[in-house]
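# Report on the structure
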Amino acid sequence: NVIERMIIATDGDTIGGQDVPPDVAEALGWGRGSTDGRTYQDLKADAERHIVTEALARHGGHVSNTAAALGLADHASLLKIMRRLGVKREG
């Protein structure tokens, strides 16, 4: 959803840290427009990590419910994303 918002809001062909919505940037602790030398891939991983972590919290850590809420095919897809991002299940 955040990336979709970024795509819609940008005027150019490239999305950068300056395109991160203010609410997401604030939640991630970023200064507006500042990428602190991080690459697009780093910024994207941080945003994804935030999205997954918040969604897991909203669904009490239940992977299948979280995967469904995020529009993923199944819980295995979410588990793969969690491994890639280094997100651990609570408990």
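Scroll up a little and you will see the structure.
Everything in this summary refers to the structure shown in the same document.

Scoring rules and cut-offs
Residues numbered from 1 in each chain as written. Predicted model: local features only at pLDDT ≥ 70, side-chain atom pairs only at ≥ 80, totals over all residues. Heavy atoms only, no water. Helix = DSSP H or I, 4+ residues; strand = E, 2+ residues; numbered from the N terminus. Buried < 20%, exposed > 50% of the residue type's maximum accessible area, 1.4 Å probe, protein only. Areas by Shrake-Rupley, 256 points an atom, 1.4 Å probe, with all protein chains shown as cover. Lys, Arg positive; Asp, Glu negative; His and termini not counted. Charge placed at Lys NZ, Arg CZ, Asp CG, Glu CD. Axes fitted to C-alpha atoms, helices over the stretch in contact; angles between N-to-C directions. Parallel < 35°, antiparallel > 145°, perpendicular 65-115°, else oblique. Left-handed = near helix turned anticlockwise from the far one by under 90°. Contact = heavy atoms within 4.5 Å. Nonpolar A, V, L, I, M, F, W, Y, C, P; charged D, E, K, R; others polar. Arc of directions from axis to C-beta. Core = buried A, V, L, I, M, F, W, Y, C linked by side-chain atoms within 4.5 Å.

## A closer look at the overall build of the protein
When its secondary structure is counted, the protein shows 5 helices and 0 strands. With respect to the three principal axes, the spread of C-alpha positions in the protein is 35 × 25 × 20 Å. Going through the 91 residues of the protein one by one, you find that 31% of them count as buried. Taken as a whole, the protein presents about 6000 Å² of accessible surface, with 49% of it coming from carbon and sulfur. The averaged location of the 13 negative side-chain charges in the protein is 9 Å from the averaged location of its 11 positive side-chain charges.

## Re the packing of helix H3 (residues 40–58) against helix H5 (residues 75–85)
Relative to each other, H3 and H5 sit at 130°, their axes nearing to 10 Å. Here H3 is positioned oblique relative to H5, judged by the angle of their axes. The handedness of the crossing between H3 and H5 comes out as left-handed. Between H3 and H5, the contacting residues are Ala-45, Glu-48, Arg-49, Val-52 and Leu-56 on the first element and Leu-78, Ile-81, Met-82, Arg-84 and Leu-85 on the second. For the contact of H3 with H5, the per-class residue count stands at 7 nonpolar, no polar and 3 charged.

## Let's talk about H5
Of all the residues in H5, the buried ones are Leu-78, Ile-81, Met-82 and Leu-85. Seen along its axis, H5 keeps its buried residues to an arc of 100°; they face one direction. In H5, those exposed residues whose orientation departs by more than 90 degrees from the buried face are Lys-80, Arg-83 and Arg-84. Buried positions along H5 lie against H3 and helix H4 (63–69).

## Things to note about the nonpolar core
Listed in full, the 10 residues of the largest apolar core are Ala-45, Val-52, Leu-56, Val-63, Ala-67, Leu-78, Ile-81, Met-82, Leu-85 and Val-87. At the level of secondary structure, the elements contributing two or more residues to this core comprise H3, H4 and H5. Of all the elements, H5 adds the most residues to this core, at 4 residues. Of all hydrophobic cores here, the second largest spans 6 residues; its members include Val-2, Met-6, Val-20 and Val-24.

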